[in-house]
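Each chain, letter by letter, is given below.
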Amino acid sequence: MKLIEAKDYKEMSKIAADIMIKKVADNPAITLGLATGGTPLGIYSSLIDDHKENGTSYNGVTSFNLDEYAGLSGKDPNSYRSYMNENFFHHIDIQKENTFVPCGDAEDLQKACADYEALIKAHKGIDLQILGIGENGHIGFNEPGTSFDSETHVVQLTDSTRQANARYFSSLEAVPQAAVTMGIASIMKSKEILLLVSGKQKSEALKQLLNSSPDESFPASVLNKHPYVTILADKAAIAGLIVNS
Ligand code: F6R
């Protein structure tokens, strides 16, 4: 795993965006794996600025998002589909039909999971997967204990994840109890992974990731087994690591 240190969140986002812009320029038909949450917002904003200023085109790009809340339709303002539309897709020239987010309100969620996995395979997999990390080491919504063999599946969210995400909802009670997520095996099939880690609240997770061997009790540790992972972390995330180690 390669670790790149950025001065702060802004610089981290800019470096990540520049990496993505180069990948899209090199392969205009690239398949991107995208994440939601607070961490990638700066990347999306940089990519939008670049699209407007330099004309980077996403016309031939396909994207697959990591996850979606169970029970929320894509039209729900708290859905990850809405997040992606608002924060990225509506501001670039990507073809909406080439943007995929798991279906959280399918009648048959198990079938929707299998269909999503099949769709990723039909697109010959993800070329570049963007990841954030939870304080408990989750990637996607793969909580501690998730099998490393898991593909897209339904997951019950832990209290800590629901609390961390409650800031986007009217109350903690309003945060869905479950989600659909790409599995660990689905993520690991990506050809290349870029993991973003920002803020001192993530430094323990970063430390554990760098110091642990792959173990299902800490989902992100699986990344140690992937041949092409770049971790992009800001000083706040790395500082704790130096002080505590
Ligand atoms: C989001 C996702 C999650 C987040 C993680 C960190 O699609 O898959 O794993 O990346 O919860 O969230 P933030 O960035 O809000 O700290």
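Residues numbered from 1 in each chain as written. Predicted model: local features only at pLDDT ≥ 70, side-chain atom pairs only at ≥ 80, totals over all residues. Heavy atoms only, no water.

Draft legend 1. View of the site of the ligand. Around the ligand, a shell composed of 13 residues is seen, among which Thr39, Asp67, His138, Gly140 and Lys202 lie nearest. Taking lysine 202, its side chain carries an N or O atom lying 2.7 Å from an oxygen atom of the ligand. For the ligand, whose accessible area on its own is 410 Å², the fraction buried by protein is 92%. Across the shell around the ligand, the residue classes break down as 3 nonpolar, 7 polar and 3 charged. (Near = heavy atom within 4 Å. Polar contact = N/O pair within 3.5 Å; in protein donor to acceptor, adjacent residues only side chain to side chain. Areas by Shrake-Rupley, 256 points an atom, 1.4 Å probe, with all protein chains shown as cover. Nonpolar A, V, L, I, M, F, W, Y, C, P; charged D, E, K, R; others polar.)

Draft legend 2. Layout of helix 2 (residues 41-54). The terminal C-alpha atoms of helix 2 lie 20 Å apart, and with 14 residues this matches the ideal 20 Å at 1.5 Å per residue to within 8%. Along helix 2, the positions that sit buried rather than exposed are Gly42, Ile43, Tyr44, Ser46, Leu47, Ile48, Asp50 and His51. The inward-facing, buried residues of helix 2 contact helix 1 (9-26), strand 2 (31-34), helix 3 (80-87), strand 6 (128-131) and strand 9 (192-197). Just downstream of helix 2, glycine 55 is the residue with a positive phi angle, here 75°. (Helix = DSSP H or I, 4+ residues; strand = E, 2+ residues; numbered from the N terminus. Expected span 1.5 Å × (residues − 1). Buried < 20%, exposed > 50% of the residue type's maximum accessible area, 1.4 Å probe, protein only. Contact = heavy atoms within 4.5 Å.)

Draft legend 3. Region of the structure containing the state of the cysteines. As enumerated under the stated definition, the model contains 0 disulfides in all. Cysteine cysteine 103 shares no disulfide, and the gap to the nearest cysteine sulfur, in cysteine 113, comes to 9.7 Å. Exposure remark for cysteine 113: the relative accessible area of 3% places this residue in the buried category. (Disulfide = S-S within 2.5 Å.)

Draft legend 4. Examining unusual backbone geometry more closely. Unlike most non-glycine residues, lysine 124 shows phi in positive territory, near 65°. Within the element layout of this structure, lysine 124 appears in the loop between helix 4 (109-122) and strand 6. Overall, the relative accessible area of 68% leaves lysine 124 in the exposed class.

Draft legend 5. The packing of aromatic side chains, seen in detail. Under the counting rule described, the total for this entry stands at 11 aromatic pairs. On the basis of an interplanar angle of 85° and a centroid distance of 5.4 Å, the ring pair of tyrosine 69 and phenylalanine 169 is categorised as edge-to-face. Linking tyrosine 69 in strand 4 (residues 67-69) with phenylalanine 169 in the loop between helix 5 (159-165) and strand 8 (178-181), this pair joins segments that are 100 residues apart in sequence. Looking at tyrosine 69, the relative accessible area reads 1%, which means it is buried. The class of phenylalanine 169 is buried, set by a relative accessible area of 10%. One aromatic cluster is present, built from ring pairs that chain together Tyr44, Tyr58, Tyr69, Tyr80, Tyr83, Phe88, Phe89, Phe141 and Phe169. (Phe/Tyr/Trp six-rings, centres within 6.5 Å; stacked < 30°, edge-to-face > 60°.)

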